[in-house]
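# Architecture and fold: a report
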2 protein chains.
Amino acid sequence: MAQQIEQLILALQGKLDSAAILVGDAVDPRYSDDLSHEVSHRPEIVLRPRNTGEVAEILKACNAVGQKLVTQGGRTGLAGAARVQAGEAVLTLERMTALSPVEPATATVIAEAGVPLQIVQEHADAAGFMFAVDIGARGTATIGGNISTNAGGIRVLRYGNFRAQVLGVEAVLADGSVVSSLKGLAKDNSGYDLSQLFIGSEGTLGVVTRACLRLHPRPVTQSVAFCALPSLDAAMELLKFLRARLGTLLSGFEVIFDPLMSEMAGALGLQPPVELNAPVYVLTDIQGMSPETDETVFAEALGQAIEDGLVADAVLSQSEREFQTLWALRDDCNTYLFGLEPMLSLDVSLPLPRMGEFLALAREAQRKADPSGRDYIFGHLGDGNLHYCVKTDAPDAVARAVLDCVARTGGSISAEHGIGLDKKSYLHLSRSAVEVAAMRRVKAALDPNNILNPSRIFDMTA
Amino acid sequence: MAQQIEQLILALQGKLDSAAILVGDAVDPRYSDDLSHEVSHRPEIVLRPRNTGEVAEILKACNAVGQKLVTQGGRTGLAGAARVQAGEAVLTLERMTALSPVEPATATVIAEAGVPLQIVQEHADAAGFMFAVDIGARGTATIGGNISTNAGGIRVLRYGNFRAQVLGVEAVLADGSVVSSLKGLAKDNSGYDLSQLFIGSEGTLGVVTRACLRLHPRPVTQSVAFCALPSLDAAMELLKFLRARLGTLLSGFEVIFDPLMSEMAGALGLQPPVELNAPVYVLTDIQGMSPETDETVFAEALGQAIEDGLVADAVLSQSEREFQTLWALRDDCNTYLFGLEPMLSLDVSLPLPRMGEFLALAREAQRKADPSGRDYIFGHLGDGNLHYCVKTDAPDAVARAVLDCVARTGGSISAEHGIGLDKKSYLHLSRSAVEVAAMRRVKAALDPNNILNPSRIFDMTA
């Protein structure tokens, strides 16, 4: 065992329970799990605190001996931020799963970092509220991980990303000191909002231990439409039309391009809701409070869109079962693509007015980089966020080609998955040298020994 | 003239136009304006850049000679952050008032920092959208100042505070380098969201020069009710009831306590909308997209609230004119109180479940601190935000007494006005020593020579 690990164990003796420190054979292989095909190391030590005080003891001890750590939530990240690097200890929040009762007056709940997203969703629902972020990994992904990656998903269009759901966090800094903003105040301008630092910084600035989360009134009505459209331009017009017509009723606006839709339907044996002969499909839904009128308003808007030629064909859910069935098509995209290999999966966002320009450029560049590659594109069109996947034997060349087009059309190389270890080499396409330098200065200020998720997002030396 | 100022002028020679540097008699007294009664210094030099490049030149030059600056927007701040301290140069964004056309696909607009809030509101309205933050100082307060103070106002309940309206900012760091996030992307997780650093940090971390602002669909319907209520408890129940019943229709929920309401009506000769014999009044409104149903839904909800005894009496606006007239009562509170002297004005927020406990404690403490003081309380009850004003000859003792009650009930000593120079001595009541230390570390990382709005929020040495 490395001497440093022995020092660490010594320093933590008596401060944690016996289940809190795993070494040697006791280290379960799950801590080395990673969704990518990259090499993950088996950690020499896994630290499993039960509460914020124990996290503080652990960081204080690690900081003293210069022990680097990687913090793990549900390990469902798609950029390798939680993948173990050589010499890193694992800090897992898996034992911190407490959840407060919902506070109805403020519509808030306080969750420990290790609570899975779906548990928060169900907890809110049972109290008559809704937690507004939803992503495919809901059953495993944790609140701490969601905060660290500023998770997005299918309802950002209406409710904002994870940042918008966080009233405040409690976090442990690298030196073991604790900052806390769990008061549940809608307004608090007493100095810097430190919570913002920890949202989306992928565990590099501190370890989030608890969060006060904002809930929304649970919608009374929901209804989804699956639409076949003649073009991307029509989809953009439909989005603009529905936003203006439906206001906040509009909750989701997802796109699936062909050939993904028809191939997937064939491969998974799906009963397609409309005839599959269009280049673009849109899943769009509403959530409202007025059973008498919401669905009529939605149906009338879609009727108008068909009349105006924006939509070629559409099916509107008539029941909760149909709502779930239609929405399942969206999750099916992931199911289908996970089964195809070798698959390059990019997660990009574009300014909506330049989406068409980007797609034309990117498809051309992608085909030049790998003429036999095949693209499967879907995503959150309402947010300008596409999951651009390519079945290719030349993933690096294709990634470079497509991400270069993202940069040329003013987009981001990571819309919601983050940078982690895997997108680091492309960060310069989205962020200037000045911006990365500013990030380094903030990182050095809060974690001077660089022990927290080191080398994620950027390296400390240029 | 101080030697340092001479060096600065020399360094900037040829880089700015002649109207960009004011010294001596050319310095208009307005740059020393301040809404408080505190002493403001006449600055030796006022710098008036026309664009971001010029701001960068100015900061680079100031940083090189260690010249401290105070950045000014509309000078409507209520915590003294823009008040000139001895030796400070003034940097004013008053010449940076460009505004892009509204981008309808993304519902965004890019504004330079010097644009007054009201201009953005009107610009959005003319394009069929709405800018969601509104405050009394809309005609003078600028976007840059609003961002620096994370302005709140009357619609935070529904749309969030200023932070929620900002997709990204461009800012100049103390060393003159420029960071920019004006792409207008709803999702961008490529590294730290640096924009968040500049929102609410009162100009201490950088100078915001431009912002990409999020707009909302312009509501088709709006309607406001003025209600007399039997108690604060009833107001809290009404809020909970309306949130659950109206969902996102509910846009504002303001409170005016007696004696403010009846005194103000008498003094300003107002025609009261209901008989003024209640302890608590609530102004609450909706904004929606369905002319056929929204007002009915609102009226039925209020009818139910009257039946349930939550509301004693209510008037619902029946026209745009009545809407404006009822809402004017809220602005009248400020008009009336600005005329009363000597007035202590506190801006606090509380966890909603402890609002009643706070008010009981605070009124007792306030009366103990000054038995002849008279409290006038109103504010944004939906956000837990009260403007707690006291006509008193012992403002320091009363402020200490009331803010101590804020701390004891888990609140914030500044809900929306910020800390600036004037609330610094109370910051410890809201934020721990660890938190203030973390703020100092971030400040030192980005502004190592402490030239930007120095000593606002906190001093660099404890």
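Conventions we followed
Residues numbered from 1 in each chain as written. Chains lettered and ligands numbered in written order. Predicted model: local features only at pLDDT ≥ 70, side-chain atom pairs only at ≥ 80, totals over all residues. Heavy atoms only, no water. UniProt positions renumbered as here; feature names shortened; annotations may be inferred. Helix = DSSP H or I, 4+ residues; strand = E, 2+ residues; numbered from the N terminus. Rg over C-alpha atoms; globule rule 2.2 N^0.38 Å. Contact = heavy atoms within 4.5 Å. Areas by Shrake-Rupley, 256 points an atom, 1.4 Å probe, with all protein chains shown as cover. Lys, Arg positive; Asp, Glu negative; His and termini not counted. Charge placed at Lys NZ, Arg CZ, Asp CG, Glu CD. Buried area = accessible area lost by both parts, 1.4 Å probe. Salt bridge = Lys/Arg side-chain N within 4 Å of Asp/Glu carboxyl O. Domains from an automatic or database assignment. Buried < 20%, exposed > 50% of the residue type's maximum accessible area, 1.4 Å probe, protein only. Pairing = 2+ DSSP bridges. Axes fitted to C-alpha atoms, helices over the stretch in contact; angles between N-to-C directions. Left-handed = near helix turned anticlockwise from the far one by under 90°. Nonpolar A, V, L, I, M, F, W, Y, C, P; charged D, E, K, R; others polar. 1 Å grid on protein atoms, 1.4 Å probe; cavity = no way out; pocket = protein on both sides within 12 Å on 5 of 7 lines; lining within 4 Å. Points joined across faces, edges and corners; volume = space filled by probe spheres on them. Expected span 1.5 Å × (residues − 1). Least-squares fit on C-alpha atoms with pLDDT ≥ 70 in both. Core = buried A, V, L, I, M, F, W, Y, C linked by side-chain atoms within 4.5 Å. Polar contact = N/O pair within 3.5 Å; in protein donor to acceptor, adjacent residues only side chain to side chain. Phe/Tyr/Trp six-rings, centres within 6.5 Å; stacked < 30°, edge-to-face > 60°.

In the annotation of an unreviewed UniProt entry, chain A is listed under the name FAD/FMN-containing dehydrogenase and assigned to Pseudaminobacter salicylatoxidans. Regarding chain A, the UniProt comment filed under Cofactor (unreviewed entry) reads as follows: "FAD".

### Details of the overall build of chain A
Scanning chain A from N- to C-terminus turns up 14 helices and 17 strands. Since a compact globule built from 462 residues should have a radius of gyration of about 23 Å, the 23 Å found for chain A is in line with a globular shape. Along the three orthogonal principal directions, the C-alpha set of chain A runs to about 75 × 55 × 40 Å. Sequence separation of at least 24 residues holds for 72% of the intrachain contacts in chain A that already meet a minimum separation of 6. Accessible surface for chain A amounts to roughly 16600 Å². Of this, 51% is attributable to carbon and sulfur atoms. Of the side-chain charges in chain A, 39 are positive and 55 negative, and the distance between the mean point of each set is 6 Å.

### A look at the interface of chain A and chain B
The interface of chain A with chain B comprises 80 residues on the first partner and 79 residues on the second. When chain A packs against chain B, the two sides together hide about 6300 Å² of surface, and 56% of this comes from carbon and sulfur. It is Lys187(A), Asn189(A) and Tyr192(A) that lose the most area in chain A upon contact with chain B, and together they represent 16% of the buried surface on that side. The tally of links between chain A and chain B comes to eight salt bridges.

### What to know about the domain arrangement of chain A
Domains assigned within chain A are domain 1 (3-92), domain 2 (108-217), domain 3 (221-337) and domain 4 (340-430). Measuring from the centre of the C-alpha atoms in domain 1 of chain A to the corresponding centre in domain 3 of chain A gives 44 Å.

### Focus on the pattern of salt bridges
Throughout the structure, instances matching the rule amount to 56 salt bridges over all chains. We note a salt bridge from Arg138(A) to Asp331(A), for which the minimum N-O separation is 3.9 Å. One end of the pair, Arg138(A), is in the loop between strand E6 (129-130) and helix H4 (143-149); the other, Asp331(A), is in helix H11 (residues 320-338), and 193 residues separate them in sequence. A relative accessible area of 34% means that Asp331(A) is categorised as partly exposed. Here Glu237(B) makes a salt bridge to Lys240(B), at a shortest N to O gap of 3.6 Å.

### A few points about the sheet that holds strand E13 (residues 280-288) of chain A
Strands in a sheet are paired, the pairing made by backbone hydrogen bonds, and the direction either parallel or antiparallel. Residues and elements named next belong to chain A. Spatially, seven strands are ordered E14-E11-E13-E12-E16-E17-E15 in an open sheet, and the strand pairing comes out antiparallel. Either end of the sheet is taken by a strand with one partner, and the two such strands are strand E14 (313-316) and strand E15 (343-349). Geometrically, the sheet is characterised by an average inter-axis angle of 15° between neighbouring strands, direction not taken into account. Direction of pairing for strand E11 (residues 221-229) relative to E13: antiparallel, over a ladder of nine bridges. Opposite Cys227, over in E13, you have Val282 as the bridge partner. With respect to the sheet, helix H9 (residues 260-268) is in contact with E11, strand E12 (250-257), E13 and strand E16 (374-380), its orientation differing from that of E16 by roughly 100°. Of the strands in this sheet, E12, E15, E16 and strand E17 (385-391) touch helix H12 (residues 355-369), which is tilted by about 15° from E17.

### A closer look at the packing of helix H8 (residues 232-246) of chain A against helix H10 (residues 294-307) of chain A
Residues and elements named next belong to chain A. Following both chains from N to C, one finds H8 and H10 inclined at 145°, their axes separated by 11 Å at the closest point. Both H8 and H10 take part in a crossing whose hand is right-handed. Packed against H8, whose contacting residues are Leu238, Phe241, Leu242, Arg245 and Leu246, the element H10 presents Val297, Phe298, Glu300, Ala301, Gln304 and Ala305 at the interface. Of the residues in the contact of H8 with H10, the class split is eight nonpolar, one polar and two charged.

### Some points on empty space enclosed by the protein
Summed over all chains, the structure comprises seven cavities of 30 Å³ or more. Its volume calculated, the largest cavity comes out at about 300 Å³. If you go around the largest cavity, you meet 26 residues; those closest to its centre are Thr248(A), Leu249(A), Met289(A), Thr248(B) and Leu249(B). Of all elements in the fold, only helix H5 (156-159), strand E10 (216-217) and E13 of chain A together with strand E13 (280-288) of chain B reach the threshold of two or more residues within the lining of the largest cavity. Of the residues belonging to the lining of the largest cavity, the class tally is ten nonpolar, twelve polar and four charged.

### With respect to the pairing of strand E4 (residues 89-92) of chain B
Residue and element names in this part refer to chain B. Where burial is concerned, the two faces of E4 agree: the one with Ala89 and Leu91 and the one with Val90 and Thr92 are both buried. In terms of strand pairing, strand E2 (residues 45-47) meets E4 through two bridges, oriented parallel. Its bridge partner lying in E4, Val46 is registered against Val90. Here strand E3 (residues 69-72) runs beside E4; their pairing, made up of four bridges, is parallel. By the bridge assignment for E4, Val70 is matched with Val90.

### A closer look at the sheet that holds strand E2 (residues 45-47) of chain A
All names here are of chain A. The sheet built from four strands is open, its strands ordered E1-E2-E4-E3 with mixed pairing. Taken across any chain shown, the strands that pair with only one partner, and hence form the sheet edges, are strand E1 (21-23) and strand E3 (69-72). The average undirected angle you get between the axes of adjacent strands in this sheet is 20°. Lying over the sheet, helix H1 (residues 3-12) contacts E1 and E2, oriented at roughly 30° with respect to E2.

### Here's the deal with helix H13 (residues 395-408) of chain B
Residues and elements named next belong to chain B. With 14 residues, H13 extends 20 Å between its outermost C-alpha atoms, agreeing within 8% with the 20 Å of an ideal straight helix rising 1.5 Å per residue. Those residues of H13 that fall on the buried side of the exposure criterion are Val398, Ala399, Ala401, Val402, Leu403, Cys405 and Val406. Buried positions along H13 lie against strand E15 (343-349), helix H12 (355-369) and strand E17 (385-391). One or two residues past the end of H13 sits Gly410, with phi positive at roughly 75°.

### Observations regarding the relation of the copies chain A and chain B
Superposing chain A onto chain B takes a rotation of 180° combined with a translation of 0.0 Å along the rotation axis, leaving an RMSD of 0.0 Å. Such a turn and shift between the copies fits a two-fold axis. Most of the interface of chain A is mirrored in chain B: 99% of its interface residues are interface residues there too.

### Some details on the nonpolar core
Proteins that are soluble and globular tend to have nonpolar side chains buried together. The biggest cluster of nonpolar side chains holds 185 residues, and the ones touching the most others in it are Phe358(A) and Phe358(B). If sequence neighbours within four positions are ignored, Phe358(A) has contacts with Val348(A), Leu350(A), Leu386(A), Tyr388(A), Val402(A), Cys405(A), Val406(A) and Thr409(A).

### A look at the UniProt feature "domain: FAD-binding PCMH-type" (unreviewed entry) in chain A
Here, UniProt's "domain: FAD-binding PCMH-type" (unreviewed entry) annotation points to residues 38-218 of chain A. Structurally, residues 38-218 of chain A is divided into 24% helix and 21% strand, and its ends, taken at the C-alpha atoms, are 41 Å apart.

### Digging into the side chain of Thr204(A)
Structurally, Thr204(A) is set in the loop between helix H7 (195-198) and strand E9 (207-214). Within the structure, Thr204(A) has its side chain in polar contact with the side chain of Tyr192(B) (distance 2.7 Å). Dropping the residues within four chain positions of it, Thr204(A) is found in contact with Lys443(A), Asp447(A), Leu452(A), Asn453(A), Arg456(A), Ile457(A) and Tyr192(B).

### Thoughts on the packing of aromatic side chains
Tallied over the full model, the rule gives ten aromatic pairs over all chains. Consider the rings of Phe358(A) and Tyr388(A), whose centres lie 6.0 Å apart with planes at 75°: the pair is edge-to-face. Placement of the pair is Phe358(A) in helix H12 and Tyr388(A) in strand E17, with a sequence separation of 30 residues. Ring centres of Phe226(B) and Tyr281(B) lie 5.6 Å apart, and the angle between their planes is 20°; on these two criteria the pair is classed as stacked. Placement of Phe226(B) in strand E11 (residues 221-229) and of Tyr281(B) in strand E13 is noted, with a sequence separation of 55 residues between them.

### A few points about the pairing of strand E5 (residues 108-112) of chain A
Side-chain direction in a regular strand flips from residue to residue, so the side chains alternate between the two faces of the sheet. Residue and element names in this part refer to chain A. Of all five residues making up E5, four are buried, and the element is well covered by its neighbours. In this structure, E5 lies alongside E9, joined through five bridges in antiparallel fashion. Pairing of Val109 across the sheet is with Leu213, part of E9.

### Regarding the environment of Ile419(B)
Within the element layout of this structure, Ile419(B) appears in the loop between H13 and helix H14 (433-446). For the pair formed by Ile419(B) and Leu352(B), sequence separation is 67 residues and the distance between their alpha carbons is 22 Å. In this structure, Ile419(B) is in contact with Asn189(A), Ser190(A), Gly191(A), Ala79(B), Glu202(B), Ile413(B), Ser414(B), Lys424(B), Leu427(B) and Ile457(B), ignoring residues within four places of it in sequence.

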